[in-house]
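# Close look at the chain arrangement
Residues per chain, in single letters:
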Amino acid sequence: MRHSPENIVVVGGGVAGLATALRLAPLPVTLIVAAPLGAEAATGWAQGGIAAALGDDDRPDYHAIDTLKAGAGLSEPEVARRIVAAAPGAIDWLVQLGTPFDRAPDGALALGLEAAHSRRRIVHAGGDGTGRLVLETLVKAARACPTIAVIEDVRASELLTDEAGTVRGIALRDRAGRVTGLPARAVVLATGGLGGLYASTTNPLGAVGSGLALAARAGAMLRDLEFVQFHPTAIVTAANPAGADLLGGPAPMPLATEALRGEGAKLFNDRGERFMMEVPGQELAPRDVVARAIFAQNAAGRHVVLDARRTDVGRRFPGVAALCRAHGLDPAHQPIPVRPAAHYHMGGINVDDCGRSSVAGLWACGEVASTGLHGANRLASNSLLEALAYAEWIAADIAGSEAGAGIARAPSPAPVGSSARAEIRALMDSHVGVVREASMLDAAVQRLGELNARDGDDLSLVARMVTEAALHRTESRGGHFRTDHPAPAALARHSESALAAARPTHVRQVA
Ligand SMILES: Cc1cc2nc3c(=O)[nH]c(=O)nc-3n(C[C@H](O)[C@H](O)[C@H](O)COP(=O)(O)OP(=O)(O)OC[C@H]3O[C@@H](n4cnc5c(N)ncnc54)[C@H](O)[C@@H]3O)c2cc1C
C-alpha cells in the first residue's frame, strides 16, 4: 500500500472508477474496491448498452434533446450537450482498449433502440452483455497499467479532511474491521448508486450510497437525492415474488432490458389486456411512465408480464434468456413476469463540469455524482456514457491541479454497520417507492431518524436523506411521483442536501 501524500485515490471498481484511474495514467493511482475487482459493480450488469449518436440519421443534438426531455426540466442543457458530444470519442476509446462491440454485417457498430430515444443509438456488446464486456475490458487494462495499484476487499469508510475542510486522505476498513488511513492529494468517489437500500432492486446489494455518506460527512453538497429511477421490468422470481405487499427479497432482481421493448416486446396484465395501449409512447414511453403503469396494475392486484416471444430473445438477448432460464422460465415460449424495482439514482454528489465536489480535494464520477445530465429521470443507456465522459475530464482536472502536501490524521473508528438493513430496505420499498405521499414519507423520516440516531450507519443516513428530500419536493417530476402533489411545479428547481440534516457528531475534522 502506498502512503505518499501525492497519491491519488479512486474509490470504486465500476466503469467510473476504472475509467478515471486509466485516464489518470501515468499519474500514480490507488484504486480501492470493496469487493474483488470486477465483482459487485452495477457496471457488469448493464444490458442495454451505451448511447452515442453514431447513426446516419442521428446527431448529438437529437441525443441531447431526448436527454433533456427525459430529464423533465432538471437536466442542464450545457452539460447534456457536452456529454453527448463526447459519446463517439468515449466509444472509440473503449474500442481501442479492445471492447468487442457488436457490429452490423458491413462492420459498422450495431445500434439498438431503447425507450425515449428518437433514433437507434445504443452501442452494445455480446447482445445484452455490454456491461460485462466493458467491465472485463477495463479491468484487464487496469491490471496491466503499471501506475494503478489496486486494493481489493477494502471499504472506504471516511474522508480525512484538514482544518480548512480540504480532503487529505481516506480511511479504509478491511473485512476484519481494521481501519487504516491513506493520505492522498485527490480522492475520486466512484462508488455507484443506492438501489441496495430498497428490497426490490436490480442493483448489487452493496450499492447503498456509501459514497454519498462519505461525501456528506466531509461537508459536501448533495443534490436531487429524491430522484430514484425505478426500472419497470425487473423479473419476478421466487426470491422476489409478486406478492400483495411487493416487498421484495434479499436478492437483486434480474433485469429484462428496455431494449426488449425497443425490439417489440409488449406488456400485458393477467387479464391479457395490453394496458399500455392508451399511454402515449406505449411500451416505449419514458421509464417512469411505464413503471407507474405497471405499479398501478400491481396495486389493483394484477400481475404483469412482458411478452418477448417475437423478439428473437435467445439470439439478440442471450443474457436475459439465461437469467430467465436460471429461474425456470423460457422467454422464447413464455411471457416474462415483471414488476418495477429501484434501478438508478439520478441524485448524487453535486459536481461541476470537471467533476469537482463542493469540498476541495474531492471529485465524484459515475452514478454517485450529480452532474446535471439526468435531471429528474435518466434516459436509458446514458449512465455508462456519463461516467466515461467525466472520467476523462476529472483526470485532466486532477492532473492540472496542484499537488498538496497533506498529511492525514489517524482515522476515527469506522461507522457501525446497520443492524436494521432488512427494515430499511422494506421501508424504502413501501414508503419511498414508485408512488409517494406525505404521511408515508413523514413516517419513514421519523423511523430512519431513530435508526440513524441509534446506529449512526451509512444506510440509515443515506435512506433518511433521500426520504427527507422526497418529502420536501411537493410536486411530481420524472422519477419522483407524489399522489398528494401529482402535477409538476411551475418552476423546475434542484434540491440540495447537506449533513446539517443529520447528526453533527458525524462530522469529523482533521487536526
Ligand atoms: C441491471 C442493470 C442494468 C443496467 N443497464 C445499463 C445500460 O444498459 N446502460 C447504462 O448506461 N447504464 C445501465 N445501468 C446503470 C449503470 O450500470 C450504472 O449506473 C453504472 O454502471 C454505474 O457505474 P459506477 O462505476 O458509478 O458504479 P458501479 O459499477 O456500481 O461500481 C461501484 C464500485 O464502487 C465500489 N464501492 C462502493 N462503495 C464502496 C466503498 N465504500 N469503498 C470501496 N468501494 C466501494 C463497488 O464495490 C463497485 O466496485 C444498469 C444498471 C443495472 C443495475
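Residue indices follow the written sequence of each chain, beginning from 1 at its first position. pLDDT decides what is reported in this predicted model: residues at 70 or higher carry local features, side-chain atom pairs at 80 or more are listed and counted, and totals for whole chains, interfaces and linings draw on all residues regardless. In computing side-chain values, all of the structure's heavy atoms are included and hydrogens and water are not.

Attention shifts here to the overall build of the chain. When helices and strands are tallied, the chain shows 13 helices and 19 strands. For a compact globule the rule gives 2.2 Å times the number of residues to the power 0.38, and the radius of gyration it is set against comes from C-alpha atoms. A compact globule built from 511 residues would reach a C-alpha radius of gyration of about 24 Å, and the chain, at 21 Å, matches this within 12%. Considered along the principal axes of its C-alpha atoms, the chain spans approximately 65 × 55 × 45 Å. Scored against the burial criterion, the 511 residues of the chain give a buried share of 60%. Residue-level accessible areas treat just the shown protein chains as cover; the underlying method is Shrake-Rupley with a 1.4 Å probe. With an accessible surface of roughly 18600 Å², the chain has 55% of that area assigned to carbon and sulfur atoms. For the purpose of charge, His is not counted, nor are the chain termini; Lys and Arg are scored as positive and Asp and Glu as negative. Charged side chains are reduced to one point each, which is NZ for Lys, CZ for Arg, CG for Asp and CD for Glu. Once the 49 positive and 53 negative side-chain charges of the chain are each reduced to a mean point, those two points are 2 Å apart. Counting from the N terminus, the helices are DSSP H or I runs at least four residues long and the strands are E runs at least two residues long. The buried label applies to any residue whose accessible area, calculated with a 1.4 Å probe on protein chains only, is under 20% of its type's maximum; exposed applies above 50%, and partly exposed to all values in between.

One open sheet holds the five strands; their spatial order is β6-β2-β1-β10-β17, and the pairing between them is parallel. Strands at the two margins of the open sheet, each flanked by one partner only, are β6 (148–151) and β17 (362–364). Direction aside, neighbouring strands of the sheet carry axes that sit 20° apart on average. As judged from the four bridges shared by strand β1 (residues 8–11) and strand β2 (residues 29–32), these two strands associate in the parallel manner. Bridged to V10 within β2 is L31. We call two residues contacting when some pair of their heavy atoms lies within 4.5 Å. Axis lines are fitted to C-alpha atoms, over the contacting stretch for helices. Their N-to-C directions set the angle, which ranges from 0 to 180 degrees. The strands touched by helix α10 (residues 383–400) within the sheet are β1, β10 (186–189) and β17, with β17 carrying the most contacts at an inclination of about 165°. Should DSSP find at least two bridges between two strands, the strands are regarded as paired.

Let us now look at the pattern of salt bridges. When the charged atoms of two side chains with opposite charge come close together, those side chains can pair. Basic side-chain nitrogens of Lys or Arg form a salt bridge, by our definition, when they fall within 4 Å of a carboxyl oxygen of Asp or Glu. Here the structure, examined in full by the defined rule, presents 31 salt bridges. The shortest N-O distance in the salt bridge between R292 and D288 comes to 3.2 Å. A residue pair is termed a helical-turn pair when its members lie 3 or 4 positions apart in one helix, as R292 and D288 do in helix α7 (residues 287–299) at four residues. Using a relative accessible area of 12% as the deciding quantity, one classes D288 as buried. When salt bridges with common partners are traced through the structure, they connect D224, E226, R473, E475 and R477 into a single cluster.

So, about the packing of aromatic side chains. In summary, the pairing rule links any two rings of Phe, Tyr or Trp, Trp by its six-membered ring, whose centres are within 6.5 Å, and it sorts them by plane angle into stacked for under 30 degrees, edge-to-face for over 60 and tilted for everything else. Under the defined criterion, the tally for this structure stands at two aromatic pairs. Residues Y198 and F230 carry aromatic rings whose centres are separated by 5.5 Å and whose planes lie at 85° to one another, so their mutual orientation is edge-to-face. Taken as a pair, Y198 in the loop between β10 and α5 (210–217) and F230 in strand β12 (residues 228–235) lie far apart in primary sequence, 32 residues in all. When sorted by exposure, Y198 lands in the same class as F230, which is buried. With a centroid separation of 5.0 Å and 75° between ring planes, the pair formed by Y390 and W393 is classed as edge-to-face.

On to the state of the cysteines, then. In protein chemistry, a disulfide is the covalent bond that joins the sulfur atoms of two cysteines. Cysteine sulfurs are considered disulfide-paired once they come within 2.5 Å of each other. Tallied over the entire structure, the rule returns zero disulfides. Among the cysteines around C354, which has no disulfide bond, C365 carries the closest sulfur, lying 12 Å off.

What follows covers the pairing of β2. The alternating pattern of β2 places V29 and L31 and T30 and I32 on opposite faces, both of which are buried. As for the winding sense of the linkage, the β-α-β connection from β1 through helix α1 (residues 15–24) to β2 is right-handed. Alignment of β2 against β6, held across four bridges, turns out to be parallel. Directly across from T30, in β6, lies its bridge partner A149. When the strands point away from the viewer and the connection leading from the first strand across the helix to the second strand turns clockwise, the crossover is called right-handed.

Of all residues in the chain, 93% have pLDDT values of 70 or greater, and the mean over the chain is 92. Counting contacts from residues 243–247, a segment whose pLDDT is below 50, to residues more than four positions away or on other chains yields nine contacts. For every residue, the pLDDT score states the predictor's confidence, bounded by 0 at the bottom and 100 at the top. When the criterion is pLDDT under 50, residues 501–511 qualifies, and its contacts beyond four places in sequence or with other chains add up to 32 contacts.

Following the sequence through the fold, S460 ends up in helix α13 (residues 458–472). We classify S460 as buried; its relative accessible area is 0%. Within the structure, the side chain of S460 is placed 2.5 Å from the side chain of D457, a separation counted as a polar contact. In this view, S460 contacts I424, L448, L451 and N452; residues no more than four positions away in its chain are not counted. The definition of a polar contact used here is a pair of N or O atoms within 3.5 Å, where within protein one atom must be able to donate a hydrogen and the other to accept one, and adjacent residues in sequence count solely through side-chain atom pairs.

A few words now on the domain arrangement of the chain. These domain boundaries are the output of an automatic or database domain assignment. By domain assignment, the chain separates into domain 1 (8–193 + 346–400), domain 2 (232–341) and domain 3 (417–489). Each of domain 2 and domain 3 has a C-alpha centre, and the two are 25 Å apart.

Where helix α3 (residues 77–97) meets α10, the axes come as close as 8 Å, and the angle between the chain directions of the two elements is 90°. As the angle between them shows, α3 and α10 are arranged roughly perpendicular. In this structure, α3 contributes V79, R82, I83, A86, A87, A90, W93 and L94 to the contact, and α10 contributes L385, E386, L388, A389, Y390 and W393. Grouping the constituent residues of the contact of α3 with α10 by class yields 12 nonpolar, no polar and two charged. Roughly parallel here means an angle under 35 degrees, roughly antiparallel means over 145, roughly perpendicular means 65 to 115, and every remaining angle is called oblique. Any residue outside Ala, Val, Leu, Ile, Met, Phe, Trp, Tyr, Cys, Pro, Asp, Glu, Lys and Arg is labelled polar, Gly included; the first ten of those are nonpolar and the last four are charged.

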